[in-house]
Structures are given as C-alpha cells and as structure tokens.
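Below, each chain spelled out in residue letters.
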Amino acid sequence: MHRLNGRLHRHTLLTVIPVLLLLLVIALTAGAPARTRGTDAEAGAMLDRAERYLNRNGVGAAPGVFADHEGGFIDRDLYPMLLDRDGVMVAHGWTPSLNGSNLTDLRDADGKPFMREALDGVERQGRADVTYRWLDPLSGQIARKTMHARRLVLNGKPYTLAVGVYR
C-alpha cells in the first residue's frame, strides 16, 4: 500500500507542477501588454530628458539622436518631436522623413487640426495636451493618442517639444 501511495503522490506531482508552471507563465505574461505602452509619466520623463539634451547639445543634434532606435529617445511607442515656431518639424523620433515639413495644418483621422491646437496651446500657455486619433506604430491601427507639448527656447528661438501617448 505504501508503494501505491508513493506512486500516486509522484504521479500527482508530475501532473500538478507543469500546470502550476503554466499558470505562473500566464500570470506573468498577462501584464506584458501594459508594458508595451508608454504612460503619461514616462512621456513627461522623456520630455524632461529631451529638453536637457537639447539644452546641452543644441537643435542641430536632435534629428539624428531622436530617430536613433538605440539612442534612448525611442521607447516602445514613445518618441520625441521638435517643431519650430512656424510648425516645421525639426526632429521626429519615429518618422524622420517628416523633418523639414510644415505640419501646422496636419489633421488626425477624424479631420481634427490637432497640430494647430498643440502649437496654439504652447504659444498661449507654454504647454498643451491634445488628444487625437492617429496611426499606432506598434499595432498599425488608428488609436487615440494624447500629445504632451511644451515650449522650449533654444538660442533665443521658441520651439515646441512633444511626446505622445497612445491610449
């Protein structure tokens, strides 16, 4: 009888342990999708980091560094954008081909002139938070996004520095 109990106990353990390990893996990966998205706090930290970088290195260094996927300014779906006072993109982290383009009249998927709203808010109040619908680079789908933008003065010239958070 003792042998039978030992075999049953071993058989139970061999069945239960893999199930418990599977449940542990599921529990740990259940939180992973949330970590693929940047947060408002992380966007604010990136704005601070980008501002410090620009103050130390100047506007001319921004295009290459902001777009370098290994340079620390692209974090999952977070990336910085720097526009001049006229709405011309100086440095775009995700799509550097936009650099040099005037984006003042850029509209979202619903036709909202979100860039004008951000630029006007920064001009009036020194900062703006604008929510709009845009193509999410990670999912390839149109998603809600909030652009956190602030005024930055470099060499006496005003700029808009922004980081967006997908919702």
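Here the structure is shown first, and the text comes after it.
Analysis parameters
Residues numbered from 1 in each chain as written. Predicted model: local features only at pLDDT ≥ 70, side-chain atom pairs only at ≥ 80, totals over all residues. Heavy atoms only, no water. Helix = DSSP H or I, 4+ residues; strand = E, 2+ residues; numbered from the N terminus. Buried < 20%, exposed > 50% of the residue type's maximum accessible area, 1.4 Å probe, protein only. Contact = heavy atoms within 4.5 Å. Areas by Shrake-Rupley, 256 points an atom, 1.4 Å probe, with all protein chains shown as cover. Phe/Tyr/Trp six-rings, centres within 6.5 Å; stacked < 30°, edge-to-face > 60°. Core = buried A, V, L, I, M, F, W, Y, C linked by side-chain atoms within 4.5 Å.

An account of the overall build of the protein chain is requested, with residue identities and associated values reported.
What the protein chain contains, in helices and strands, is five helices and five strands. Listed by position from the N terminus, the elements making up the protein chain come as α-α-α-α-β-β-α-β-β-β. Each of the 167 residues in the protein chain was classed as buried or not, and the buried ones make up 35%. Sequence separation of 24 or more characterises 47% of the internal contacts of the protein chain that already satisfy a separation of 6 or more. Approximately 9,800 Å² of the protein chain is accessible, and the part contributed by carbon and sulfur atoms is 57%.

How would you explain the environment of Val 88 if you had to name every residue and give the values?
Relative to the elements of secondary structure, Val 88 occurs in the loop between strand 1 (80-84) and strand 2 (89-92). As a C-alpha pair, Val 88 and Gly 100 span twelve residues in sequence and 5.8 Å in three-dimensional space. What Val 88 contacts, discounting residues up to four positions off in sequence, is Leu 82, Leu 83, Gly 100, Ser 101 and Asn 102.

Please give an account of the packing of aromatic side chains that cites residues and values.
This structure, assessed with the given rule, holds six aromatic pairs. Each ring, one from Tyr 132 and one from Trp 134, has its centre 6.1 Å from the other, and the planes form 70 degrees; the classification is edge-to-face. The exposure class of Tyr 132 is buried, given its relative accessible area of 3%. Given a relative accessible area of 27%, Trp 134 falls into the partly exposed group. Through pairs of rings, three or more aromatic residues link up here, namely Tyr 53, Phe 66 and Phe 73.

Go over the side chain of Thr 160, please, and point to the residues and values.
Position of Thr 160 among the secondary structure elements: in strand 5 (residues 157-166). A relative accessible area of 6% places Thr 160 in the buried class. Discounting residues that sit within four places of it in the chain, Thr 160 has contacts with Met 81, Leu 82, Leu 83, Leu 119, Val 122, Ala 149 and Arg 150.

How would you sum up the nonpolar core? Please name residues and give values.
Formed by 20 residues in total, the largest nonpolar core has its most connected members in Leu 54, Phe 66, Leu 82 and Leu 161. Elements with a contribution of two residues or more to this core: helix 3 (40-57), helix 4 (62-67), strand 2, strand 4 (142-154) and strand 5. Residues contacting Leu 82, with those up to four places away along its chain left out, are Leu 54, Val 59, Ala 62, Phe 66, Val 88, Met 89, Val 90, Ala 91, Tyr 159, Thr 160 and Leu 161. Residues Phe 114, Tyr 132, Met 147 and Tyr 166 belong to the second largest nonpolar core, which totals 19 residues.

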